[in-house]
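Each chain, written out:
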Amino acid sequence: MNDLKKPLPVVIVETLGWIYVMLSVLLFILAIVSACRGSGESLSGILFAVLFGLCLLALPVGMFFALRLGRRTWFLAPNTIVMSLCLIGAIEALCDSAAALPFVLLALLFGIGPMVLLFLPSSSRWFNEMSGDDSPSPFGCAGIVVVGVLWLAFVGPCLSELSFSKQRMTAALSSAMAMRGRNLNISMIENQLAHESGEDWIDPASFTNSTQYVKALWAKFSDDKGSCPYPDSWCIAVNPPDNDKFPVMVTANIDPRELLRPSNEDQPLKLTCPKEWGGTCFKFCEKAGMIVYKGGASQIFKNKYVRPSLIFNDGIPKPGPDTYFLTPTGRVDLVE
């Protein structure tokens, strides 16, 4: 009978293991609910979700009970592997957005923290008392291998597919935004041609923000007379110079003043989600931005490439003396 009191460092890690179990149970429930809603009468989809959830749940449950039985290695080995994968994913996300920094720090904390705590002298004495120098039995090692293989076989591919799905979703959303931008630019060109031919036109100078102007263009030139999609997603140049490389439209997550400021040429631009100023998030706000040029071409830039020197290979185009931008929050003048 073991009379040695469990030290505080082991209790802390055991609590972490309990949190892992609770999170896995929650994910298991969400997977089943999602499968039932998405699969309808498809029994195979529901069974796959159950299998996925059980494999997801098996690893933290095994880790938790291994720790309670005094098997340090059985907890640390899978924890280190999983946290290493999480760290790799977080670092990859950090390349796209600084908002991922807390996840990098958490992955480091949960990966390194248990190793430090469980190898403290007080923890080592407890493990030696519980399991005889923490020596795993052949049966226990085989169990860990089986659980690890099942986890990698079922959970790993699903997590990879989820990552690829997010990338495909970002690409699809940015492509849809590019299509809307091109259509809006065509409406702006038609509006300018109407003005030059003396017909009724929509004067952008009569609006105080781009949202009003976009809605007016949509109502006059769009074949779809429904509500305008994402009307507050654009910053639009008024009185742009006669330069095909000048940006006449940029997505509202880019500040046009920073984009066209000569002293800012080599500085990365911050992509700001419109919801921060009350606009509508278009789902990839902090990951990519889009620019439509006066010549009609359009480009989508990932956040790590959104800097003026990379966008404008021939130098930042100079605005005209009366050029300004209408943004969803009002007018901005281009002043160095």
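Note that the coordinates shown come from a computational prediction; the quantities given were computed from them, not determined experimentally.

Thresholds, definitions, all that
- Residues numbered from 1 in each chain as written.
- Predicted model: local features only at pLDDT ≥ 70, side-chain atom pairs only at ≥ 80, totals over all residues.
- Heavy atoms only, no water.
- Helix = DSSP H or I, 4+ residues; strand = E, 2+ residues; numbered from the N terminus.
- Buried < 20%, exposed > 50% of the residue type's maximum accessible area, 1.4 Å probe, protein only.
- Contact = heavy atoms within 4.5 Å.
- Areas by Shrake-Rupley, 256 points an atom, 1.4 Å probe, with all protein chains shown as cover.
- Pairing = 2+ DSSP bridges.
- Axes fitted to C-alpha atoms, helices over the stretch in contact; angles between N-to-C directions.
- 1 Å grid on protein atoms, 1.4 Å probe; cavity = no way out; pocket = protein on both sides within 12 Å on 5 of 7 lines; lining within 4 Å.
- Points joined across faces, edges and corners; volume = space filled by probe spheres on them.
- Expected span 1.5 Å × (residues − 1).
- Arc of directions from axis to C-beta.
- Polar contact = N/O pair within 3.5 Å; in protein donor to acceptor, adjacent residues only side chain to side chain.
- Disulfide = S-S within 2.5 Å.
- Phe/Tyr/Trp six-rings, centres within 6.5 Å; stacked < 30°, edge-to-face > 60°.
- Lys NZ or Arg CZ within 6 Å of the ring centre and 35° of its normal.
- Core = buried A, V, L, I, M, F, W, Y, C linked by side-chain atoms within 4.5 Å.

Draft legend 1. Main features of the overall build of the protein. Tallying secondary structure elements over the protein gives nine helices and six strands in all. Within the protein, buried positions represent 38% of all 336 residues. By sequence separation, contacts in the protein at least 24 residues apart represent 66% of the contacts at least 6 residues apart. In the form shown here, the protein has an accessible surface area of approximately 18600 Å², with 64% of it arising from carbon and sulfur atoms.

Draft legend 2. Inspection of the sheet that holds strand 5 (residues 324-327) at higher detail. Reading across the sheet, the six strands line up as 4-3-2-1-5-6 and stay open at both edges, with antiparallel pairing between neighbours. A single partner strand is all that each edge strand has here, and the edge strands are strand 4 (298-302) and strand 6 (330-333). The mean angle between the axes of side-by-side strands here comes to 20°, regardless of whether they run parallel or antiparallel.

Draft legend 3. Layout of the layout of surface pockets. In this model, the second largest pocket occupies a volume close to 480 Å³. Lining the second largest pocket are 21 residues, with M188, Q192, N239, P240 and K294 sitting closest to its centre. For the lining of the second largest pocket, the secondary-structure elements that each account for two or more residues are helix 6 (138-196) and strand 1 (234-238). The biggest single contributor to the lining of the second largest pocket is helix 6, with eight residues.

Draft legend 4. View of the environment of L334. For L334, the location among the structural elements is in the segment after strand 6. A sequence separation of 78 residues divides L334 from P256, and the C-alpha atoms of the two residues are 8.0 Å apart. Once residues lying within four places of it in the same chain are set aside, the contact partners of L334 are F246, P256, R257, L260, P319, T323 and F325.

Draft legend 5. Fine view of the pairing of strand 3 (residues 288-293). By the criterion of burial, strand 3 is predominantly enclosed, with six of the six residues buried. The side-chain alternation of strand 3 yields two buried faces, one formed by A288, M290 and V292 and the other by G289, I291 and Y293. In this sheet, strand 3 lies alongside strand 2 (residues 247-251) in antiparallel orientation, the contact comprising three bridges. Its bridge partner lying in strand 3, V250 is registered against I291. Counting the residues that bridge the hairpin from strand 3 to strand 4 gives four residues, and of these G296 lies at a positive phi of roughly 105°.

Draft legend 6. Examining the environment of M179 more closely. Along the chain, the position of M179 falls in helix 6. In this structure M179 comes out as partly exposed when scored by relative accessible area, which is 44%. Residues M179 and S298 lie 119 residues apart in sequence; the distance between their C-alpha atoms is 9.5 Å.

Draft legend 7. Broad picture of helix 7 (residues 210-221). End to end, helix 7 covers 16 Å across twelve residues, agreeing with the expected 16 Å (1.5 Å per residue, within 8%). Regarding helix 7, the residues found buried are S210, T211, Y213, V214, L217 and F221. For helix 7, the angular spread of the buried residues around the axis is 165°, confining them to a single face. Where helix 7 begins, the capping side chain belongs to N209, and its oxygen is found 3.1 Å from the backbone nitrogen of T211.

Draft legend 8. Main features of unusual backbone geometry. The residue N239 is not glycine, and still its phi comes out positive at about 55°. For N239, a relative accessible area of 38% corresponds to the partly exposed category.

Draft legend 9. Layout of the state of the cysteines. Tallied over the full model, the rule gives zero disulfides. C273 carries a free sulfur, and the closest cysteine sulfur to it, the one in C281, is 3.5 Å from it.

Draft legend 10. Broad picture of the packing of aromatic side chains. Scanning the model with the defined rule gives six aromatic pairs in all. The interplanar angle of 80° and the centroid separation of 5.3 Å between the aromatic rings of F64 and F65 together place this pair among those described as edge-to-face. Site record: aromatic cluster; members linked through ring pairs are W18, F64 and F65. Its end group placed over the ring of F119, R72 keeps NZ or CZ at 4.1 Å from the ring centre. Over the face of the ring belonging to Y324 we find R331, whose NZ or CZ atom lies 3.6 Å from the ring centre.

Draft legend 11. A look at the nonpolar core. Among the nonpolar cores identified, the biggest contains 25 residues, and L184, Y213, L217, W234, I236 and M249 are the most heavily contacted of them. Mapped onto this core, the elements with two or more residues apiece are helix 6, helix 7, strand 1, strand 2, strand 3 and strand 5. Apart from residues lying up to four places away in sequence, I236 is in contact with L184, M188, Y213, V214, V248, M249, Y324, F325 and L326. Counting residues in each nonpolar core, the second largest holds 18 residues, with F246, F301, V306 and I311 among its members.

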